[in-house]
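# Analysis of the macromolecular model
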Amino acid sequence: MELYLIEHIRKVETFSEGKIIGITCTKEKAEKVVKEYKKKTGFKKYKNGFKIKRMELDKSYHGKGFKSWYKKGSEKNSSL
């Protein structure tokens, strides 16, 4: 089953701030949510920060781990 994750990422100087907005069952519904959020306080200033990601139910992501960025241009490997 496909789902659509809606997130908003705002870049601020040396870091990014992300918010999960919601999950919908169709891309059309996700696009409708984004259209509405672009009118809301805070989000309307950063309209280009929205992303819709197609995801699959019962599927794992990031199986090889992840990397974290602490400072602009400075990358550190994270292993948990």
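I will try to describe carefully the structure that is included in this document. (Residues numbered from 1 in each chain as written. Predicted model: local features only at pLDDT ≥ 70, side-chain atom pairs only at ≥ 80, totals over all residues. Heavy atoms only, no water.)

## Notes on the packing of aromatic side chains
Stated formally: Two rings from Phe, Tyr or Trp (for Trp, the six-membered ring) form a pair when their centres sit within 6.5 Å of each other. Planes less than 30 degrees apart are called stacked, planes more than 60 degrees apart edge-to-face, and all others tilted. The buried label goes to any residue with under 20% of its type's maximum accessible area, the exposed label to any with over 50%, and the partly exposed label to all in between, with areas taken from a 1.4 Å probe on protein chains only. Here, over-ring charges are defined by two tests on the NZ atom of lysine or the CZ atom of arginine: distance to the ring centre within 6 Å, and angle to the ring normal within 35 degrees.
Taken as a whole and judged by the stated rule, the model has two aromatic pairs. Taking 5.3 Å as the distance between ring centres and 75 degrees as the angle between the ring planes, the aromatic pair formed by Tyr-37 and Phe-43 counts as edge-to-face. Relative to Phe-50, the ring of Phe-43 lies with its centre 5.8 Å away and its plane at 35 degrees, an arrangement referred to as tilted. You'll find Phe-43 and Phe-50 in the same group, each marked buried. Taken together, Tyr-37, Phe-43 and Phe-50 form an aromatic cluster joined through their ring pairs. If you follow Lys-40 out to its NZ or CZ, it ends over the ring of Tyr-37, 5.4 Å from the centre.

## Re the nonpolar core
Applicable threshold: The set of buried Ala, Val, Leu, Ile, Met, Phe, Trp, Tyr and Cys residues whose side-chain atoms join them within 4.5 Å is what this entry labels a nonpolar core. Note on conventions: DSSP H or I runs of at least 4 residues are helices, E runs of at least 2 residues are strands, and numbering of each starts at the N terminus. When checking whether two residues touch, look at their non-hydrogen atoms; a contact exists if any pair is within 4.5 Å.
With seven residues, the main nonpolar core is built from Tyr-4, Ile-6, Ile-21, Ala-30, Val-34, Phe-43 and Phe-50. Those elements giving two or more residues to this core turn out to be β1 (2–12) and α1 (27–37). Apart from residues no more than four positions distant in its own chain, Val-34 is found in contact with Ile-6, Phe-50 and Ile-52.

## Re the pattern of salt bridges
Applied cut-off: The salt bridge definition used is simple: a Lys or Arg side-chain nitrogen within 4 Å of an Asp or Glu carboxyl oxygen.
If you walk through the whole model with that rule in mind, you get six salt bridges. Close ionic contact of Glu-2 with Arg-54 constitutes a salt bridge, the shortest N to O distance being 3.3 Å. With Glu-2 in strand β1 and Arg-54 in strand β3 (residues 50–56), this residue pair connects regions lying 52 residues apart in the sequence. Judged by relative accessible area, Glu-2 falls into the partly exposed class, the value being 40%. On the accessibility criterion, Arg-54 (46% relative accessible area) is partly exposed.

## Considering the environment of Glu-7
Of note, Glu-7 is situated in strand β1. Exposure remark for Glu-7: the relative accessible area of 13% places this residue in the buried category. Excluding residues within four positions of it along the chain, Glu-7 makes contact with Lys-19, Ile-20, Ile-21, Gly-49, Phe-50, Lys-51 and Lys-53.

What is shown is where atoms sit, not what they do.
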